[in-house]
Amino acid sequence: MRRNKALAESFARRHNVASFYTDAREILRDLDVEAIYLATPPGTHKDLALLCAAAGKPVLVEKPMARSAAECRAMLSEFQHSDLPLFVAYYRRHLPKFELVRDILQSKNKLGPITEIRAFCARPSSGFDCEEWRVDASVAGGGLFLDLGSHMLDLLDWWFGPLQDVKGLAASTKGKGSSYDSALDEFETHVEDQVRMLFRTGSGAVGLGSWNFSSHCSEDYIEIIGADGGVKFSVFDNGPVFLKRRGCGEEDEIEVIDNFGPDFSPHVHLPLIAAVTEDLQDWKRAREVAQRGRSVMKEISEWRCRSTGASALRTSEVMDTVLAAYYGGSRDDAFWERPQSWSKS
């Protein structure tokens, strides 16, 4: 389904799809459609997901799950009430590079107790390919922190569990982003382009996050430091994983694990989609044999897909905590409609 009929028809023809639509309600009425992938911007996620739930269709929704944690909670609540699966496309949880990091963290003799976590992401203020809607709060829910930072925070949630004692500071320094022309006060403001974050993991490691979207360079990494070693890697490119261990001499031993080139997987979503497909098949079988009045969701003991509505909600809650002060103290309402309350640059 696309609003542009010519593009929808072209896709259907090229991929041998039997039917196409220009209205979401039409595709939801199609009995041959058993599940929905929502690949629209975050501002439409909640309303479209609720339509899917009302139609009895499981959903895989793009990340971030919605513009705010409040919208995420509304989505998750409705899918739980409707006994339907809700998955979120944080596909990095299923990529070999990040599975390797998880294995390193779980190995007791690699890093020792984890003591510190550093997450860093910088993108230039110009020359960076960024569609306008990604820095429009009414559509994206904020700036690029939600778009890129969410991937990094979701990985930390997967490896360390829910982040605790989250504190943050956000600012707009470049004066570039969404502008709102108010007939009332001629006020102009912009989404955040600077974010700093402190947090703690359940095991006690202290973490620091920094996102700079008005930088001279393009760089990102997560570094995890333990008492006996550390691991460092980029989240957004296919670069190697650097594993450091405490050496016998003055210098640490460094192992470079570099088998994640662009040819490793031509479609980065593929492992996630495979897991979702198997889960939906299990869910369908469980629904067919479930006794009346019993929850189908509770019949499935473990999901293959590692990114669910519940895990994605936690990431959105972390981002809302970090951004709350910038957006006037709360993101539980339609904050994009009250830009006059945001922090001024």
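Let me sum up the structure you'll find in this document. (Residues numbered from 1 in each chain as written. Predicted model: local features only at pLDDT ≥ 70, side-chain atom pairs only at ≥ 80, totals over all residues. Heavy atoms only, no water.)

Some thoughts on the sheet that holds strand E11 (residues 253-257)
1) Next: A sheet is described by the order of its strands in space; here 8 strands give the open sequence E5-E6-E7-E4-E8-E9-E10-E11, paired in mixed fashion. The open sheet is flanked by strand E5 (164-171) and E11, the only strands paired with a single partner. Geometrically, the sheet is characterised by an average inter-axis angle of 10° between neighbouring strands, direction not taken into account.
2) Next: When strand E4 (residues 114-124) meets strand E7 (residues 206-215), the two strands line up parallel, connected through 8 bridges. In the sheet register, Glu-116 faces E7, and the bridge partner there is Val-206.
3) Next: Against the sheet, helix H5 (residues 96-106) contacts E4, strand E8 (219-226), strand E9 (229-233), strand E10 (241-245) and E11, and its axis sits at roughly 15° relative to E10. (Pairing = 2+ DSSP bridges. Helix = DSSP H or I, 4+ residues; strand = E, 2+ residues; numbered from the N terminus. Axes fitted to C-alpha atoms, helices over the stretch in contact; angles between N-to-C directions. Contact = heavy atoms within 4.5 Å.)

A short note on unusual backbone geometry
1) Next: Here the residue pair Lys-63 and Pro-64 is connected by a cis peptide bond, since its omega of -15° sits within 30 degrees of zero.
2) Next: Despite not being glycine, Asn-16 shows a phi value in the positive range, around 55°.
3) Next: Structurally, the position occupied by Asn-16 is in the loop between helix H1 (5-14) and helix H2 (24-28).
4) Next: We note that Asp-165 has phi near 50°; this positive angle belongs to a residue other than glycine.

Observations concerning a nonpolar patch on the surface
1) Next: Taken together, the side chains of Phe-242, Ile-254 and Val-256 make up a nonpolar region of the molecular surface, amounting to roughly 260 Å² of accessible area.
2) Next: Relative to the helices and strands, Ile-254 resides in strand E11. (Patch = residues over 30% accessible without salt bridge, like charges linked within 9 Å, V, L, I, M, F, W, Y side chains within 5 Å. Areas by Shrake-Rupley, 256 points an atom, 1.4 Å probe, with all protein chains shown as cover. Salt bridge = Lys/Arg side-chain N within 4 Å of Asp/Glu carboxyl O.)

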